[in-house]
Amino acid sequence: ALLFITVYTADGFYEFVEDHCVFNSTKLDDIEFIRSYYYNKLEVTRFSSSVGKYVGYTEYGVRNAEYWNNLPGELSRMRNEKERYCLNNVGNDHEAAL
């Protein structure tokens, strides 16, 4: 049996957010949390725990980054995501790889 799945969006828009962790060990200092915002397959804005703030890559992304960087508590909330989101998952992935 052969199954083909096709997704077609004529004249549509595609927007998504991706969270991921980059790591060399299970130590918190060796982990980087990255949240990327995409629009039509183009990364427009990114938060990186290594940089500590949002960075925009398009005109729209720069405006979003400026807005989010100036929201009270937003940067501290995103910096905490490294520990909340990555630390436990990295530990599990590291153990599974070994």
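Residues numbered from 1 in each chain as written. Predicted model: local features only at pLDDT ≥ 70, side-chain atom pairs only at ≥ 80, totals over all residues. Heavy atoms only, no water.

The name an unreviewed UniProt entry assigns to the chain is MHC class II antigen, from the organism Scophthalmus maximus.

J.: Talk me through the overall build of the chain; I want residue IDs and the actual numbers.
T.: When you go through the chain residue by residue, the secondary structure sums to 2 helices and 4 strands. Put simply, the chain runs from its N terminus to its C terminus through helices and strands in the order β-β-β-β-α-α. Expressed as a percentage of the 98 residues in the chain, the buried residues total 28%. By sequence separation, contacts in the chain at least 24 residues apart represent 34% of the contacts at least 6 residues apart. About 7,300 Å² of surface is accessible on the chain, with carbon and sulfur atoms providing 51% of the total. (Helix = DSSP H or I, 4+ residues; strand = E, 2+ residues; numbered from the N terminus. Buried < 20%, exposed > 50% of the residue type's maximum accessible area, 1.4 Å probe, protein only. Contact = heavy atoms within 4.5 Å. Areas by Shrake-Rupley, 256 points an atom, 1.4 Å probe, with all protein chains shown as cover.)

J.: Summarise the pattern of salt bridges; cite the residues concerned and give the values.
T.: All told, the structure shown has 6 salt bridges when counted by the stated rule. Among the ionic pairs, R77 bridges to E74, the shortest N-O distance being 3.0 Å. Residue R77 and its partner E74 are both found in helix α2 (residues 74–97); the two are separated by 3 residues, about one turn of the helix. E74 sits in the buried class, given a relative accessible area of 12%. Taken together, the shared-partner salt bridges in this structure form one network comprising D19, R35, E81 and R84. (Salt bridge = Lys/Arg side-chain N within 4 Å of Asp/Glu carboxyl O.)

J.: Quick one: what's the story with the sheet that holds strand β1 (residues 15–23), residue by residue and with numbers?
T.: Taking strand neighbours across the sheet as the criterion, the 4 strands line up as β1-β2-β3-β4 in an open arrangement whose pairing is antiparallel. Of all strands in the sheet, those bounded by a partner on one side alone are β1 and β4 (53–56). With strand direction ignored, the average angle separating the axes of adjacent strands in the sheet is 20 degrees. The sheet contact formed by strand β3 (residues 42–48) and β4 spans 4 bridges and is antiparallel. Bridging from a neighbouring strand, S48 pairs with K53 of β4. Sitting on the sheet, helix α1 (residues 59–69) is in contact with β1, β2 (31–39), β3 and β4, with an inclination near 165 degrees to β4. (Pairing = 2+ DSSP bridges. Axes fitted to C-alpha atoms, helices over the stretch in contact; angles between N-to-C directions.)

J.: Just give me the short version of the state of the cysteines, but keep the residues and values in it.
T.: Considering all chains together, one arrives at 1 disulfide under this definition. Each disulfide pairs two cysteine sulfurs, and for C21 the partner residue is C86, the sulfurs being separated by 2.0 Å. For the disulfide bridge between C21 and C86, the dihedral angle about the S-S bond is near -90 degrees, and by the sign convention the bridge is left-handed. Taken together, the residues span a long stretch of sequence, with C21 in strand β1 and C86 in helix α2 at a distance of 65 residues. (Disulfide = S-S within 2.5 Å.)

J.: Requested: an account of unusual backbone geometry, with residues and values cited.
T.: Positive phi, close to 50 degrees, is recorded for N40, a residue that is not glycine. Judged by its relative accessible area of 37%, N40 falls in the partly exposed class.

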